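Single-letter residue listing:
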Amino acid sequence: PREGTGQFYDRLAAQLRARGACIRLGSRVAGVSCEGGTVRGITTSEGETIPIDPKDGVVFSTLPLPVLMRVLDPSPAADAADRLASLRFRGTRLVYLWIMGRVSLNDHIRYINDASYSAGRIANFSIWTDGMGHPPQGGTVLCHESWADDADLGEGFDEEFVGVAVRECAAL
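Here is what the cut-offs are and how they apply
- Residues numbered from 1 in each chain as written.
- Predicted model: local features only at pLDDT ≥ 70, side-chain atom pairs only at ≥ 80, totals over all residues.
- Heavy atoms only, no water.
- Core = buried A, V, L, I, M, F, W, Y, C linked by side-chain atoms within 4.5 Å.
- Buried < 20%, exposed > 50% of the residue type's maximum accessible area, 1.4 Å probe, protein only.
- Helix = DSSP H or I, 4+ residues; strand = E, 2+ residues; numbered from the N terminus.
- Contact = heavy atoms within 4.5 Å.
- Phe/Tyr/Trp six-rings, centres within 6.5 Å; stacked < 30°, edge-to-face > 60°.
- Lys NZ or Arg CZ within 6 Å of the ring centre and 35° of its normal.
- Pairing = 2+ DSSP bridges.
- Expected span 1.5 Å × (residues − 1).
- Arc of directions from axis to C-beta.

1. A short note on the nonpolar core
Nonpolar side chains tend to gather and get buried jointly when the protein is soluble and globular.
For step 1, the next point in the chain: By size, the foremost hydrophobic cluster in this structure holds 9 residues: Val95, Leu97, Leu105, Ile112, Ala119, Ile122, Leu142, Ala165 and Cys169.
For step 2, the next point in the chain: Mapped onto this core, the elements with two or more residues apiece are strand 5 (91-99), strand 7 (119-124) and helix 4 (159-171).
For step 3, the next point in the chain: In this structure, Cys169 is in contact with Leu97, Ile122, Leu142 and His144, ignoring residues within four places of it in sequence.
For step 4, the next point in the chain: Ile50, Leu68, Val71 and Leu72 belong to the second largest nonpolar core, which has 8 residues in total.

Following this line, the structure appears as structure tokens:
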């Protein structure tokens, strides 16, 4: 959706880049090397190592703590690693649907309290602002939000998730 939550992240990224930050998207972290409690390098799954100079600033990570613990070098103390490995978290899978035609969902956000649905909520961007949920070609944008744990969060695009989102949004 135009002017949605993505605009916040776009502006944040622009401000960080203006201050010299390096932002990497779409790369999986395979290793985080540390020295004296400070991150000194990031290794991607493609094998690229990105050196980090501590005087340049900070490293932001969105890795869940159990995943971060698996890629730290040196590894954390065994007791800390065991405690962190036992943490569980819930991720959110977002499927944006561009719907041509009218949508009868009259809520900004509809929370779904029905175990037969995978969605926890559906966001209707057309109600928020004129520019946000109405693509230039017409229609509206809905966001199907479902919860997933670490094992359920796959990589990339999955037709199955789109199919579920379409069916569940149509049923509402």
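2. Some words on the packing of aromatic side chains
For step 1, the next point in the chain: All chains considered together, the criterion is met by 0 aromatic pairs.
For step 2, the next point in the chain: A cation sits over an aromatic face here: Arg93 above Phe161, 3.6 Å from the ring centre.

3. Considerations on the sheet that holds strand 1 (residues 29-35)
For step 1, the next point in the chain: If you trace the 4 strands from one edge of the open sheet to the other, you get 3-2-1-4, paired in mixed fashion. The open sheet terminates on both sides in strands that have one partner only, identified here as strand 3 (49-51) and strand 4 (72-73).

4. Let's talk about helix 4
For step 1, the next point in the chain: Along its 13 residues, helix 4 runs 18 Å from first to last C-alpha, staying within 8% of the 18 Å computed at 1.5 Å per residue.
For step 2, the next point in the chain: Ala165, Glu168 and Cys169 are the residues of helix 4 that are buried. Taken down its axis, helix 4 places every buried residue within 100° of arc, on the same side. Exposed side of helix 4, more than 90 degrees from the buried face: Glu159, Glu160, Arg167, Ala170 and Ala171 are the residues found there.
For step 3, the next point in the chain: On the buried face of helix 4, the contacting elements are strand 5, strand 7 and strand 8 (140-148).

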